[in-house]
Amino acid sequence: MVSIPAAFGSLRRSLSLAPDEQEARQLLGRVEHIRKLQQEALEKARKDPGGDGGRITLLDYYKAADTIIQRENQRLAQEGAPREALLKLSYLVDFRGQKLEGIEFRREHLTELEKLYNQHNFTPGAFDEVERGLAFNRAELANVTFIPATALEALGVDRGSHVRLENATFDGMKHGEVLIIKASPDGTPHRDIHFRNIQGGTLALEEGAMVKDVHAQGAVMHITMGDRSQLTNLHTDHATRIISIAAAPGAVIEGARLTGTTIAPGSSLAGTTWRDVELNEVNLKDVDFSGAELRGVTIDGQPATFATLQAAGVAEGQLPASIDGSQREANEPQTPQQFAMAEACRLRDLGVWVTGGAPNGINLNEGLPVTRQVAERKAQENEAFAASAAALAARDINV
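Rules behind the numbers
- Residue positions within a chain follow its written sequence, with the count starting from 1.
- With pLDDT at 70 or above as the cut-off, local features in this predicted model cover only qualifying residues; side-chain atom pairs require 80 or more to be listed or tallied, and sums for whole chains, interfaces and linings still use all residues.
- Values reported for side chains reflect all heavy atoms of the structure, with hydrogen atoms and water molecules removed beforehand.
- For the purposes of this section, nonpolar cores are sets of buried Ala, Val, Leu, Ile, Met, Phe, Trp, Tyr and Cys residues that join through side-chain atoms within 4.5 Å.
- The rule is simple: take the accessible area with a 1.4 Å probe, protein chains only, and divide by the maximum for that residue type; under 20% is buried, over 50% is exposed, in between is partly exposed.
- Secondary structure elements are taken from DSSP: a helix is a run of H or I of four residues or more, a strand is a run of E of two residues or more, and numbering for both begins at the N terminus.
- Residues count as neighbours in contact if any of their non-hydrogen atoms are within 4.5 Å of one another.
- Geometry of aromatic contacts follows a simple scheme: Phe, Tyr and Trp rings, the Trp one being its six-membered ring, pair when their centres are within 6.5 Å, and the pair is stacked under 30 degrees between planes, edge-to-face over 60, tilted otherwise.
- Given a helix with a known number of residues, its expected span is that number minus one, times 1.5 Å.
- A pair is scored as a salt bridge if a Lys or Arg side-chain nitrogen falls within 4 Å of a carboxyl oxygen belonging to Asp or Glu.
- Any two strands with at least two DSSP-identified bridges between them are counted as paired.
- Every residue gets a pLDDT, meaning the predictor's confidence in that residue, from 0 to 100.
- Here a polar contact means two N or O atoms within 3.5 Å. Within protein one must be a hydrogen donor candidate and the other an acceptor candidate, and residues neighboring in sequence count only if both atoms are side-chain atoms.

## A few points about the nonpolar core
Part 1: Membership of the largest hydrophobic core comes to 82 residues, with the highest contact counts inside it found for Phe146, Phe170, Phe195 and Leu284.
Part 2: Take this core: its biggest share by element is nine residues, from helix 3 (residues 58–78).
Part 3: Setting aside chain neighbours within four positions, we find Phe170 in contact with Phe146, Ala149, Leu152, Leu165, Leu179, Ile193, His194, Phe195, Arg196 and Ile198.

## Quick word on the packing of aromatic side chains
Part 1: Counted according to the given criterion, the structure contains seven aromatic pairs.
Part 2: With centroids separated by 5.2 Å and ring planes inclined at 15 degrees, the aromatic side chains of Phe105 and Phe146 adopt a geometry described as stacked. In this pair, Phe105 sits in strand 3 (residues 103–106) while Phe146 sits in strand 4 (residues 140–147), placing the two residues 41 residues apart along the sequence.
Part 3: Note on Phe146: relative accessible area 0%, which makes it buried.
Part 4: Ring-pair connections join several aromatic residues into one group, and the members of that group are Tyr61, Phe95, Phe105, Phe136, Phe146, Phe170 and Phe195.

## Here's the deal with helix 3
Part 1: Here helix 3 spans 30 Å end to end across 21 residues, near enough to the 30 Å set by a 1.5 Å rise per residue.
Part 2: Of the residues trailing helix 3, Gly80 is marked for its positive phi of about 80 degrees.

## Structural notes on the pattern of salt bridges
Part 1: One pass over the full model with this rule turns up 16 salt bridges.
Part 2: Salt-bridge contacts for Glu72 lead to Arg71; the nearest nitrogen and oxygen are separated by 3.0 Å.
Part 3: By relative accessible area, Arg71 is classed as partly exposed at 37%.
Part 4: We note a salt bridge from Arg228 to Glu207, for which the minimum N-O separation is 2.7 Å. With Arg228 in the loop between strand 9 (220–225) and strand 10 (230–235) and Glu207 in the loop between strand 7 (190–205) and strand 8 (210–215), the pair connects residues that are 21 residues apart, well separated along the chain.
Part 5: For Arg228, a relative accessible area of 48% corresponds to the partly exposed category.
Part 6: Among the charged side chains, a network of salt bridges with common partners joins Glu40, Arg71, Glu72, Arg75 and Glu79.

## Examining the pairing of strand 8
Part 1: Bridge analysis of strand 7 against strand 8 gives four bridges, and the strand direction is parallel. When the bridges of strand 8 are listed, His190 appears paired with Val211.
Part 2: Two elements, strand 8 and strand 10, share five bridges in a ladder whose sense is parallel. If you follow Lys212 over to strand 10, its bridge partner there is Thr232.

## Some words on the environment of Tyr62
Part 1: By the element assignment, Tyr62 lies in helix 3.
Part 2: With 20 residues separating them along the chain, Tyr62 and Leu42 place their C-alpha atoms 9.3 Å apart.

## A word on unusual backbone geometry
Part 1: Cis peptide bonds are those with omega within 30 degrees of zero, and the linkage from Ile147 to Pro148 qualifies with -10 degrees.
Part 2: Mapped onto the fold, Pro148 is located in the loop between strand 4 and helix 7 (151–154).
Part 3: Non-glycine residue Asp213 carries a positive phi angle of around 65 degrees.
Part 4: Tracing the backbone shows Asp213 in strand 8.
Part 5: Although it is not a glycine, Arg228 adopts a positive phi angle of roughly 65 degrees.

## Some points on the confidence of the model for the protein chain
Part 1: Considering every residue of the protein chain, the mean pLDDT works out to 77; 67% of them sit at 70 or more.
Part 2: Every residue in residues 1–7 scores below 50 in pLDDT, and together they form 21 contacts with partners more than four places removed in sequence or on other chains.
Part 3: The low-confidence segment residues 351–360 (pLDDT under 50) makes 21 contacts with residues lying over four places distant or belonging to another chain.

## What to know about the side chain of Asp60
Part 1: Structurally, Asp60 can be placed in helix 3.
Part 2: In this view, Asp60 contacts Ala45, Asp48, Pro49, Gly50 and Gly51; residues no more than four positions away in its chain are not counted.

## Remarks on the side chain of Glu104
Part 1: Mapped onto the secondary structure, Glu104 falls in strand 3.
Part 2: Note on Glu104: relative accessible area 1%, which makes it buried.
Part 3: In terms of polar contacts, Glu104 uses its side chain to reach the backbone amide nitrogen of Asp52, at 3.0 Å.
Part 4: Ignoring anything within four residues of it in the chain, the contact list for Glu104 reads Gly51, Asp52, Arg55, Ile56, Thr57, Leu58, Thr145 and Ile147.

Structural data, given as structure tokens:
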């Protein structure tokens, strides 16, 4: 059985190799004719949609397409066309490079087709052709619904295919299920993504995937983000619970509005970038921001600081590397060398140069009574300063 991608591939190869210009035109005309039949099937299905909100289901499309295929094949047979010229239902489910709007994709329409077979007098083997021939690579899917969310995978969209999503609703996902969203073919963001009836499972943005305007009200889910992935304008409410977030270094979360959300302890956001994010009544206990960069982040309406993050539950060792350009160094436990350098700078600033004159000409030790206590103090300061200066010299910092 030849799949639709293989069938079109054969047509294209034949087109490029055809020595006769007339034959090439015939092959191109055949491809264009199939595209017209696809549009006819979509229009026919929309006259009696079976999905929510006036959307057609993929099964509606199959029925319309199968009827059209039977009509076309009857016409070809009457014209005496050879058997290999007859059309197959699989020819009409190659949506590569096309824009599809207003379709409801249900996983059961592919995984349980046998149970639905009697709803329409499909030609023998039609469903097998559809399952093997369904192709969406480089397609744009707009105003679509996936029931459940993982129907995207069941349709084969994420198996070697790259699509662009716009105004897509993912309805239903449970524990253990994973919704994988890849980068779009041209690198532009997927837009206006809605989640409903999400009671577990994982939203996984693969490397380089960008998703903009995500509405996750009432969702309970894990989120994973690959390198260079980007999540923009994530909207949640008090009923939302982000079970965990695991983001690879280089991932970006931007323009998010998280309200009343719990981000589970142990969530890793190390090395990520957060820009213009509002955190309102969000529990951040034991969330790991180490190495992260925060810019324009607010917590309950106030600019985020290392102190407010700690107050929200972020541990000392898991604070971000910087907030609005301010480094975290002052908040980290000092190493012995860092302590020595800080002490050297303090002594320098005070002018306590016991081994010689201070740069400002002031030596606070001059005029002190030479007592045992003063001698001991000088010795201590000399020892501390010598160690500090050595540490500074080792880091090529001038005292």
